[in-house]
Amino acid sequence: MDALLFGISGLPNGDGTKKFTYKSGIEYLRELGLDAMELPFVRSVNITDKNKSQVLDAKIRNNFYLSAHGSYFINLNADEEEKIAKSIERIINGAEGLKKVKGKSLVFHPGFYLKDSKDETFNTIKENLLKLPDLGVDYRLETTGKGTQFGSLEENVALCKSIPTCKLCIDFSHLHARYNGSLKTYDDFARILDYVGNELGEKSLKDMHIHISGINYGAKGEKNHLPFEESDFNYKDCLKAFHKFDVKGCIICESPILEKDALLLKNYYESL
C-alpha cells in the first residue's frame, strides 16, 4: 500500500436514528473522511449473492478498503478432527465471501492452547494453516489479549515467516492488555515495529493491518474495549511510531464509539 488508511470494525454507529447496510455504511464513512471497514463475519459470512453487487459497487465508487473479521468459532488446535475441519471450512468461507467484494485481508484468531504446550499448539496450528488454499486473500493472524490464548506477537510472526499466505494483524490494544498495560511510551511501540521489520522485512511495515482501541484489562489480560479517552492506551505515541516508521496499510478502530474514535486517530495522525 502507499498510504495509511483509517476505518472501523463493523457498521458505523451514526446518530442512532438510522440503521446502516454495508452499502450505506461505506457511503457514510467516506463522507466523514474515513477509508475502510472490517466486515464482521464473526457469526456468519454475510456477503451473499443478493448483496454483493451493491457492496462492491459502493466500495469501488468510494475508493474504499474492505477487510473482514473471520468466525469466532475457529480453533486450529482443537482436539477433535471434526472441529479442525469445520474451522478450516469457516476460514475458507470467510475468504471466499470477502473475495466477492474484492476485499484483501481476512482477520482471525487461529486457535487456543487448551491442554497442549505452546510448542505443540504452534506446530498443530502451523500444520493446519498450511492446508488453507491460496485464494488471493491474505490470512491475517491477530494477536490476542490474554496470555492464556495462542497468538502472541512472536508466535504469529513465526507463523507468517513459515506460511506464504499468512500475514499479521497486530492488535496493539490486545498486546497492551496481554502484558497488563505494557505499552506506555513511544519506545514501546517502536520496539514492536522494529521487531516486525527485522523479522518479516521492511515490506511488512508497508502492508500492515492494525487493530486499535481503548481497552480495559486486568491481571489476566483483556476485558473489553473502551473509548480512547476512557482508557490508558497511549494512542498518540502509538501513532507517532507509525508516522516515524512510515507505516502503510490499514488501521481498524474497535472503540465503542467507532467512527468518532477513528476520526480522532486520523486527525491526530495527519497533524504529525
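You'll find the structure just up there.
Parameters and conventions
Residues numbered from 1 in each chain as written. Predicted model: local features only at pLDDT ≥ 70, side-chain atom pairs only at ≥ 80, totals over all residues. Heavy atoms only, no water. Helix = DSSP H or I, 4+ residues; strand = E, 2+ residues; numbered from the N terminus. Phe/Tyr/Trp six-rings, centres within 6.5 Å; stacked < 30°, edge-to-face > 60°. Buried < 20%, exposed > 50% of the residue type's maximum accessible area, 1.4 Å probe, protein only. Core = buried A, V, L, I, M, F, W, Y, C linked by side-chain atoms within 4.5 Å. Contact = heavy atoms within 4.5 Å. Salt bridge = Lys/Arg side-chain N within 4 Å of Asp/Glu carboxyl O. 1 Å grid on protein atoms, 1.4 Å probe; cavity = no way out; pocket = protein on both sides within 12 Å on 5 of 7 lines; lining within 4 Å. Points joined across faces, edges and corners; volume = space filled by probe spheres on them. Nonpolar A, V, L, I, M, F, W, Y, C, P; charged D, E, K, R; others polar. Axes fitted to C-alpha atoms, helices over the stretch in contact; angles between N-to-C directions. Parallel < 35°, antiparallel > 145°, perpendicular 65-115°, else oblique. Left-handed = near helix turned anticlockwise from the far one by under 90°. Disulfide = S-S within 2.5 Å.

(A) Region of the structure containing unusual backbone geometry. For Asn 63, which is not glycine, the phi torsion reads 50 degrees and is therefore positive. On the secondary structure map, Asn 63 appears in the loop between α2 (52-61) and β3 (65-69). Positive phi is not limited to glycine here, since Lys 102 has a value of about 55 degrees.

(B) Summary view of the packing of aromatic side chains. Going through the model one piece at a time under the given rule, you end up with ten aromatic pairs. Taking the centre distance of 5.8 Å and the plane angle of 70 degrees together, the rings of Tyr 113 and Phe 150 count as edge-to-face. Taken as a pair, Tyr 113 in the loop between β4 (105-108) and α4 (118-129) and Phe 150 in the loop between β5 (138-142) and α5 (153-162) lie far apart in primary sequence, 37 residues in all. Its relative accessible area of 0% is what places Phe 150 among the buried residues. Relative to Phe 233, the ring of Phe 228 lies with its centre 6.4 Å away and its plane at 40 degrees, an arrangement referred to as tilted. Of the two residues, Phe 228 and Phe 233, both sit in the buried class. Linked through ring pairs, Phe 172, Phe 189, Phe 228, Phe 233, Tyr 235, Phe 242 and Tyr 268 together constitute an aromatic cluster.

(C) Region of interest: the nonpolar core. Among the nonpolar cores identified, the biggest contains 76 residues, and Leu 39, Leu 106, Leu 129, Phe 172 and Phe 242 are the most heavily contacted of them. Discounting residues that sit within four places of it in the chain, Phe 242 has contacts with Leu 4, Phe 172, Leu 193, Ile 210, Val 247, Ile 251 and Tyr 269. One finds Leu 5, Ala 36, Tyr 65 and Cys 250 within the second-largest nonpolar core, a separate group that totals five residues.

(D) Here's a closer look at the pattern of salt bridges. Enumeration according to the criterion identifies 20 salt bridges in this entry. Lys 206 is the salt-bridge partner of Asp 246, the closest N and O atoms lying 3.5 Å from each other. Placement of the pair is Asp 246 in the loop between α9 (235-244) and β10 (249-253) and Lys 206 in the loop between α8 (202-205) and β7 (208-212), with a sequence separation of 40 residues. Across the salt bridge formed by Asp 237 and Lys 240, the nearest N and O atoms sit 3.7 Å from each other. Here Lys 240 and Asp 237 lie together in helix α9, a separation of three residues that amounts to about one turn.

(E) Examining the layout of surface pockets more closely. Of the pockets and cavities examined, the largest pocket occupies roughly 490 Å³. Along its surface, the largest pocket is lined by 25 residues, and His 69, Tyr 72, His 109, Glu 142 and His 174 are the ones closest to its centre. At the level of secondary structure, the elements contributing two or more residues to the lining of the largest pocket comprise β2 (36-40) and β9 (221-226). Considering every element that reaches the lining of the largest pocket, the biggest residue donor is β2, with three residues. The residue inventory of the lining of the largest pocket, partitioned by class, reads eight nonpolar, twelve polar and five charged. Within this model, the second largest pocket holds a volume of roughly 280 Å³. Residue assignment for the lining of the second largest pocket shows that the elements contributing at least two residues are β6 (166-171), α7 (186-200), α8 and β7.

(F) Examining the packing of α7 against α9 more closely. For the pair α7 and α9, the least separation of the axes is 8 Å and the interaxial angle reads 45 degrees. Overall, the two elements α7 and α9 adopt an arrangement that is oblique. As for how α7 packs across α9, the hand of that crossing is right-handed. On α9, the residues touching Tyr 186, Phe 189, Ala 190 and Leu 193 of α7 are Asp 237, Cys 238, Lys 240, Ala 241, Phe 242 and Lys 244. The class makeup of the residues in the contact of α7 with α9 is seven nonpolar, no polar and three charged.

(G) The state of the cysteines, seen in detail. The full count for this structure, using the stated rule, is zero disulfides. In this model Cys 238 remains outside any disulfide bridge; the closest cysteine sulfur is found in Cys 253, 12 Å from its own. According to the relative accessible area criterion, Cys 238 is buried, its value standing at 0%. Considering cysteine sulfurs only, Cys 250 is the nearest to Cys 253, which forms no disulfide, with 11 Å between them.

(H) Quick peek at the environment of Ile 215. Structurally, Ile 215 is set in strand β8 (residues 214-218). Separated by 114 residues in the primary sequence, Ile 215 and Val 101 have C-alpha atoms spaced 31 Å apart.

No statement about biological role is implied by the geometric values presented.
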